[in-house]
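Chains, contacts and geometry: an overview
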2 protein chains.
Amino acid sequence: DDRFASSAIRDLLHHARREDIISLAGGLPAPELLPADHLGLLYTHVLDTVGSQSLQYGVTAGEPALRGLLALEGSGDPDRIVVTSGSQQALDLCLAALRPAHRAAIAVMEEPGYLGALQVLQARTYELSPVPVDQDGLCVDILEDRLRNGLAPTLCYVNPTFQNPTGASLSRERAHALVDLAERYGFIVIADDPYRELYFDEHRPPDQLRDSDMVIRLGSFSKTLAPGLRIGWLDAHQSVVARVERAKQAADLHTSTINQLVVAEAFGDKPWWNNHLDDLRTRYRLRREALSDALTTHLPHATLANQAGGFFWWTRLEGMNTDTFLTTCLEMSSGGGTAFVPGSAFHSGAAPSDHLRLSYSTADPTRFDEAAQRLANAMERAPAGKEGN
Amino acid sequence: DDRFASSAIRDLLHHARREDIISLAGGLPAPELLPADHLGLLYTHVLDTVGSQSLQYGVTAGEPALRGLLALEGSGDPDRIVVTSGSQQALDLCLAALRPAHRAAIAVMEEPGYLGALQVLQARTYELSPVPVDQDGLCVDILEDRLRNGLAPTLCYVNPTFQNPTGASLSRERAHALVDLAERYGFIVIADDPYRELYFDEHRPPDQLRDSDMVIRLGSFSKTLAPGLRIGWLDAHQSVVARVERAKQAADLHTSTINQLVVAEAFGDKPWWNNHLDDLRTRYRLRREALSDALTTHLPHATLANQAGGFFWWTRLEGMNTDTFLTTCLEMSSGGGTAFVPGSAFHSGAAPSDHLRLSYSTADPTRFDEAAQRLANAMERAPAGKEGN
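Keep in mind it's a predicted model, so treat the numbers as computed, not measured. (Residues numbered from 1 in each chain as written. Chains lettered and ligands numbered in written order. Predicted model: local features only at pLDDT ≥ 70, side-chain atom pairs only at ≥ 80, totals over all residues. Heavy atoms only, no water.)

1. Examining the overall build of chain A
- Helix and strand counts for chain A come out as 12 helices and 14 strands.
- For a compact globule of 389 residues, the expected C-alpha radius of gyration is about 21 Å, and chain A comes in at 21 Å, within 12% of that figure.
- Seen through its principal axes, chain A has C-alpha atoms that stretch 60 × 55 × 40 Å.
- Taking all 389 residues of chain A together, 62% fall into the buried category.
- A separation threshold of at least 6 residues defines the contact pool for chain A, and within that pool the share at least 24 residues apart is 75%.
- Total accessible area on chain A is roughly 14,600 Å²; 48% of this is exposed by carbon and sulfur atoms. (Helix = DSSP H or I, 4+ residues; strand = E, 2+ residues; numbered from the N terminus. Rg over C-alpha atoms; globule rule 2.2 N^0.38 Å. Buried < 20%, exposed > 50% of the residue type's maximum accessible area, 1.4 Å probe, protein only. Contact = heavy atoms within 4.5 Å. Areas by Shrake-Rupley, 256 points an atom, 1.4 Å probe, with all protein chains shown as cover.)

2. Focus on the pattern of salt bridges
All names here are of chain A.
- Per the stated rule, a full pass over the model turns up 41 salt bridges over all chains.
- Glu 370 serves as the salt-bridge partner of Arg 374, at 2.9 Å between the closest nitrogen and oxygen. Of this pair, Arg 374 and Glu 370 both sit in helix H12 (residues 368-381), 4 residues apart, roughly one helical turn.
- On the accessibility criterion, Glu 370 (34% relative accessible area) is partly exposed.
- Beyond isolated ion pairs, a larger network of salt bridges with shared partners links Glu 197, Arg 204, Asp 278 and Arg 281. (Salt bridge = Lys/Arg side-chain N within 4 Å of Asp/Glu carboxyl O.)

3. Remarks on the interface of chain A and chain B
- If you look at the interface, chain A gives 50 residues, while chain B gives 49 residues.
- Taken together, chain A and chain B are joined by 0 salt bridges.
- Counting the contacts that link chain A with chain B gives 23 residue pairs in polar contact (both at pLDDT 80 or more).
- Taken together, the elements giving at least two residues each to the side of chain A that touches chain B come down to helix H2 (36-49), helix H4 (86-98), helix H5 (115-123), helix H8 (238-252) and helix H9 (257-268) of chain A.
- With 6 residues, H2(A) is the largest single contributor of residues to the side of chain A that touches chain B.
- The residue inventory of the side of chain A that touches chain B, partitioned by class, reads 22 nonpolar, 21 polar and 7 charged. (Polar contact = N/O pair within 3.5 Å; in protein donor to acceptor, adjacent residues only side chain to side chain. Nonpolar A, V, L, I, M, F, W, Y, C, P; charged D, E, K, R; others polar.)

4. Notes on the packing of aromatic side chains
- Under the defined criterion, the tally for this structure stands at 23 aromatic pairs over all chains.
- Taken together, a centroid distance of 6.4 Å and an interplanar angle of 45 degrees make the contact between Trp272(A) and Trp273(A) tilted.
- Judged by its relative accessible area of 19%, Trp272(A) is buried.
- Both rings, one in Phe221(B) and one in Trp233(B), keep their centres 5.1 Å apart while their planes meet at 45 degrees; by these two values the pair is tilted. Of this pair, Phe221(B) sits in the loop between strand E8 (215-220) and strand E9 (232-235) while Trp233(B) sits in strand E9; the two residues are 12 residues apart in sequence, bridging distant segments of the chain. (Phe/Tyr/Trp six-rings, centres within 6.5 Å; stacked < 30°, edge-to-face > 60°.)

5. A short note on the side chain of Asp192(B)
- Note on placement: Asp192(B) falls in strand E7 (residues 188-192).
- Leave out the neighbours within four places in its chain, and Asp192(B) touches Ser87(B), Tyr157(B), Val158(B), Asn159(B), Pro160(B) and Leu218(B).

6. What about the sheet that holds strand E6 (residues 155-158) of chain A?
All names here are of chain A.
- The strand order across the open sheet built from 8 strands is E2-E9-E8-E7-E6-E3-E4-E5, with neighbouring strands paired in mixed fashion. Of all strands in the sheet, those with a lone pairing partner are strand E2 (81-84) and strand E5 (137-138), marking the two edges.
- In terms of strand pairing, strand E4 (residues 126-134) meets E5 through 2 bridges, oriented antiparallel. Looking at E5, one finds that Val 133 is bridged to Leu 138.
- Set on the sheet, helix H6 (residues 140-148) makes contact with strand E3 (105-111), E4, E5 and E6; between it and E4 the angle comes to about 140 degrees. (Pairing = 2+ DSSP bridges. Axes fitted to C-alpha atoms, helices over the stretch in contact; angles between N-to-C directions.)

7. Things to note about the relation of the copies chain A and chain B
- Mapping chain A onto chain B calls for a screw motion: a turn of 180 degrees about the axis and a shift of 0.0 Å along it, with 0.0 Å RMSD after fitting. Between the two chains, the operation in question is that of a two-fold axis. (Least-squares fit on C-alpha atoms with pLDDT ≥ 70 in both.)

8. Re the packing of H4(A) against helix H8 (residues 238-252) of chain B
- Their axes nearest at 5 Å, the elements H4(A) and H8(B) cross at an angle of 100 degrees. Judged by the inter-axis angle, H4(A) sits roughly perpendicular to H8(B). Only Gln249(B), Ala250(B), Ala251(B) and Asp252(B) of H8(B) make contact with H4(A), whose side of the interface consists of Gln88(A), Gln89(A) and Asp92(A).
- Tallied by class, the residues present in the contact of H4(A) with H8(B) amount to 2 nonpolar, 3 polar and 2 charged. (Parallel < 35°, antiparallel > 145°, perpendicular 65-115°, else oblique.)

9. A word on the side chain of Asp252(A)
- Along the chain, the position of Asp252(A) falls in helix H8.
- Leave out the neighbours within four places in its chain, and Asp252(A) touches Ser85(A), Gln89(A), Ser85(B), Gln88(B), Gln89(B) and Arg230(B).

10. Some points on the sheet that holds E9(B)
All names here are of chain B.
- With mixed pairing, the 8 strands of this open sheet are ordered in space as E2-E9-E8-E7-E6-E3-E4-E5. Each of the sheet's edge strands pairs with one partner strand only, and the pair in question is strand E2 (81-84) and strand E5 (137-138).
- Across 4 bridges, strand E6 (residues 155-158) lies against E7 in parallel orientation. The partner of Leu 155 across the bridge, within E7, is Ile 188.

11. Details of H4(A)
Residue and element names in this part refer to chain A.
- Taking 1.5 Å as the rise per residue, H4 with 13 residues should run 18 Å; its terminal C-alpha atoms sit 19 Å apart, in good agreement.
- The element H4 is largely enclosed, with a buried count of 12 among its 13 residues.
- For H4, every residue scored as buried is listed here: Gly 86, Ser 87, Gln 88, Gln 89, Ala 90, Leu 91, Asp 92, Leu 93, Cys 94, Leu 95, Ala 97 and Leu 98. (Expected span 1.5 Å × (residues − 1).)

12. Description of the pairing of E7(B)
All names here are of chain B.
- Of all 5 residues in E7, 5 are buried; the element is thus mostly enclosed.
- In E7, alternate side chains face the same way, and those of Ile 188, Ile 190 and Asp 192 on one face and Val 189 and Ala 191 on the other are all buried.
- For the crossover from E6 across helix H7 (residues 172-185) to E7, the handedness is right-handed.
- Both E7 and E8 contribute to a ladder of 4 bridges, which runs parallel. Across the sheet, residue Ile 190 finds its bridge partner in E8, namely Ile 216. (Right-handed = clockwise from strand over helix to strand, strands pointing away.)

13. As for the environment of Arg217(A)
Residues and elements named next belong to chain A.
- Tracing the chain through its elements places Arg 217 in strand E8 (residues 215-220).
- Once the C-alpha coordinates of Arg 217 and Asp 193 are considered, the two residues, 24 residues apart in sequence, prove to be 7.4 Å apart.
- With residues near it in sequence (within four places) discarded, Arg 217 still touches Ala 191, Asp 207, Leu 209, Arg 210, Asp 211, Trp 233, Leu 234 and Asp 235.
- For Arg 217, the side chain forms a polar contact with the side chain of Asp 207, separated by 2.6 Å.
- A polar side-chain atom of Arg 217 sits 3.3 Å from a polar atom in the side chain of Asp 211.

14. A closer look at unusual backbone geometry
All names here are of chain A.
- Look at the link from Asn 164 to Pro 165: it is a cis peptide, with omega at 15 degrees.
- Look at Leu 253: it is not a glycine, yet its phi comes out positive at around 70 degrees.
- Structurally, Leu 253 is set in the loop between H8 and H9.
- For Leu 253, a relative accessible area of 4% gives the class buried.

15. Regarding the confidence of the model for chain A
Residues and elements named next belong to chain A.
- Confidence in the prediction of chain A, expressed as mean pLDDT, is 92, and 93% of residues score 70 or more.
- Contacts of residues 1-5 to residues separated by more than four positions or lying in other chains number 26 contacts, the stretch itself having pLDDT below 50.
- Every residue in residues 384-389 is under pLDDT 50, and counting partners more than four places away or in other chains gives 13 contacts.
- On the interface metric, ipTM, the complex scores 0.94, and its pTM is 0.95. (pLDDT = per-residue confidence, 0-100.)

If you want it as structure tokens, here you go:
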């Protein structure tokens, strides 16, 4: 997802596609974990059994088979579900549906937070009210202070589990407090939760946000199955669903029928699905450990956020301006460079940061050691970067 | 596309899904013309040859293979192409990209015109300036009068070939005049052209709109291949493309990678593609003739628009209020009813109309005679409908 960074960073990372660069920037799934053979069988199966209906126009809210399966994971009510073209579209449609027509709207946003959310909030002309994220997720006490002082947001966006970029999960206490605030002050909580299945401890982290008419949950098959299918969903109160459906009908009529049916086959086959998720967890955990080992060896001064899931090591190089450092890392001519996303990219104000996001999800893990070595070499060559600010 | 009608008509047509109703309302492709077997082979082929990359995140503007093929049909320049989730999304993204931020925007819209365009224009808060359509398409002279009198639209939306719902094609003279006006008065012409390949005369109707920076062309594989894939595109000046790309990135990141690659395989195989289109033309022409025969037999007073392509017979029952008539047709208890879309649904003001749109694209053609008989029976039973308005 280097595509979401500011244009300056995007330009830099565009150069990072050179052969000699090891990119730890993108948050893409590991190519070897995309189940191409299994999905090939499912496309054939769907076309054989459903036939031309799988290629026909479908209903705007989504295929009943998939809505039913998704409802079983949540409230049990398929009418609360809208299938979307990835959770990015679920977010865009929520923003369209919730946006008041003739006045300004304010969105509370995690800082640092997901670049794609920052981008679509701006596209839908929301004013941002950024609230810091620490190791327990959004600092709900800071939000509460602002609400007491008159902040009247339309919505608050959070990644509740293994947040992008910090990896933090919202604590139980904060999650309860956040929903209480949403009900008291009348704003919607949009909980975008694509990483919750990718946990590396023994148990799946619980969904801490209690059920409330003020909570919209977004989900995605992009990290658990395949992003190229573009299948996500939202689970919301029916009054929101009705508005989202109208927005989706205007936006693109409906999401690909055949892709929805293929996902329903994969997701509905629980023995296959559970085995597949176990495999993802094992392999991403090994990738995470490999990058941790490499960083500990070559960058002993780096601080790694202590979280156990998702795609990213949120890393601090104390006092370093990581925007400048990225330029140095990409310009390394001898031995090639390493790409990452500097912390500034996850801030609405794009102020320099001494954090960087390193993804272990995509690159070849046998090159993690070399990548960390290159970062260490770049640090030696770039004392100017240490001026920070 | 009965989904786009006003909520009252939508409720009526929802009942039209009853078993005993013959629906000539929807504008869906014929199920038997959706090439399920061939597409099954192509999904397998793409997954075998491209592998996991076909399931991965893709670039926002679309897969290079498909953009290249689409460019060959137009300007030759792939950088003018953005692949979208159906042409409905292409339209939505154009409206987002062209919308001025802090003031009202006016869209010139065909009347009668495509319901999905009416809907998304309203969702994107454009004010409508409806201009009549006759047998030669948009009445450009009426538009010119308005422009002279101070109308300053942001854009003008047209279906240039076999327009939905009238079947009319924009004449060469009017197309030239329209682009001249767009350049002189500074507005964009959005030419949404999903039916041009479905011609029933000997030759494909030419694209009458000359190339201009003020013209955006929208295309779709929904009528020529399969709507359930959700693949459309736009072809525009690069300054528009850059804005559309940003809007698409915010809206849904990109369109399904695997579906784009499957479409590229089908569309790029010219012997198969041309043979497939020939087959569609033959079969839709036969369907059109079958419905014409049935209407001529049972409704000799109906006037049929004399156009030779697309999915619809635009039909006039002089003096009849077709909203009232639809209610009567759906309530037919003995022998079942027939559904259609009344003319009012294609007008922004939803005033009653004595036109109706009859689709020959979807229903079983062996039932066209029965459908027309039912319409004739309903006319006898509903003299009240003849009061007009």
